[in-house]
Amino acid sequence: MTAYWNTDKLVLQLSAQRQAWRSAQRHHMEYGAVGFPSRPKLAKITDALCGALFPMRLGPDFVRAHNENAFVAETLDTVLSRLYGQIRIELAYSRDGATPEDVDAEAGQIIGRFAAELPQLRATLDTDVEAAFAADPAARSVDEILICYPSMQAIIHHRIAHHLYRLGVPVVARIISEVAHSRTGIDIHPGAVIGERFFIDHGNGVVIGETAIIGKGVRLYQGVTLGARSIPYTEQGVVERGVPRHPIIEDDVVIYAGATVLGRIIVGRGSVIAGNVWLTKSVPATSHVQQANIVHDVKERAAVSAPHRLGETV
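Predicted, not measured: the structure shown is a model, and the values here were computed from it. (Residues numbered from 1 in each chain as written. Predicted model: local features only at pLDDT ≥ 70, side-chain atom pairs only at ≥ 80, totals over all residues. Heavy atoms only, no water.)

Participant: What am I meant to see in the environment of I265 here?
Facilitator: The residue I265 is located in the loop between β10 (260-262) and β11 (266-267) in this model. Residues I265 and S282 lie 17 residues apart in sequence; the distance between their C-alpha atoms is 4.8 Å. Once you skip the residues sitting within four places of it in the chain, I265 turns out to touch P247, I248, L279, T280, K281 and S282. (Helix = DSSP H or I, 4+ residues; strand = E, 2+ residues; numbered from the N terminus. Contact = heavy atoms within 4.5 Å.)

Structure, rendered in structure tokens:
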């Protein structure tokens, strides 16, 4: 079988291509799996954090009221240590010329600040669960939302990822977001700023871009896109990164299924964007945006598919 290919030659060619890539990117080093944050490990870390935040619903089945605090303490000791390790790997990867001592110190500061924010993160998530229960008559309890709704999983992952993104570890944050994306079909960039009482109903196909800003009490339905209208380039033809290019959605806005909102526009407070709307201009508060009226021409199916048979009798 090996007669069909020359392994030694392929290895040399692939090595040359890797070196060409690294030289062109001017990157100090392209680490292997050991030297780059691990997606499988971060998926487990995030699941454990979910359990620490909601121990009797998202934790293991042995957790009860009498051992809840002990479980949270043990879980946090383990999971924050493991998250620190992943943060350290990213910093070592991205901080050109930093010493191991510098990396250790920065990773320690980041994990300390992240840990201190966990109580507020839980408080914000509580408002998201309550908003879902208030908005969805199909929900029988807040526990059902927390355990069953994929949108809730995506929101929890996003809020964890966003905190880490703000603290300076965007790769770790992005991996956590993409874990939720692959599980739920909901794509939220960790850079997006989302206020409390956020709810996504159903959720499949929702896309929220990096620089989107979403206010309090916003509700989205499946297939909604909060995207960029175009990609900004410099005069040299290089993509500009970090430029605000996604929408600002003010408080208490509802955006129905399939709507697409593009560019750095503002959707005013209390507005309703109807299904399948394509919106590229700002709208004031309490607007109701919908498609132009569509007239449906309804005919009998036989009249369309087999008109020659309409006169037949059976």
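Participant: Explanation requested: the packing of helix α2 (residues 39-53) against helix α7 (residues 150-166) in the structure shown.
Facilitator: The relative placement of two packed helices comes down to the angle between their axes together with the axis-to-axis distance. Where α2 meets α7, the closest approach of the two axes is 11 Å, and the angle between their N-to-C directions is 100°. Relative to α7, the element α2 lies roughly perpendicular. Every residue of α7 that contacts α2 at T46, D47, L49, C50 and L53 is listed here: I156, H157 and I160. The residue makeup of the contact of α2 with α7, split by class, is five nonpolar, two polar and one charged. (Axes fitted to C-alpha atoms, helices over the stretch in contact; angles between N-to-C directions. Parallel < 35°, antiparallel > 145°, perpendicular 65-115°, else oblique. Nonpolar A, V, L, I, M, F, W, Y, C, P; charged D, E, K, R; others polar.)

Participant: What is the right way to look at the nonpolar core in this model?
Facilitator: Generally speaking, soluble globular proteins have nonpolar side chains that are buried together. Membership of the largest hydrophobic core comes to 66 residues, with the highest contact counts inside it found for L83, F114, L164, I208 and I255. Sort the elements by how many residues they give to this core and helix α5 (residues 100-135) lands first, with 10 residues. Not counting residues up to four positions away in its chain, the partners in contact with F114 are L49, L80, L83, I160, H163, L164 and L167. (Core = buried A, V, L, I, M, F, W, Y, C linked by side-chain atoms within 4.5 Å. Buried < 20%, exposed > 50% of the residue type's maximum accessible area, 1.4 Å probe, protein only.)

Participant: Can you walk me through the side chain of T211 in this structure?
Facilitator: Take T211: it is sitting in the loop between β4 (207-208) and β5 (213-214). A relative accessible area of 13% places T211 in the buried class. One polar contact links T211 to H246, side chain to side chain, over a distance of 2.7 Å. Those residues within four positions of T211 in sequence are excluded, and the remaining contacts are G242, V243, P244, R245, H246 and R264. (Polar contact = N/O pair within 3.5 Å; in protein donor to acceptor, adjacent residues only side chain to side chain.)

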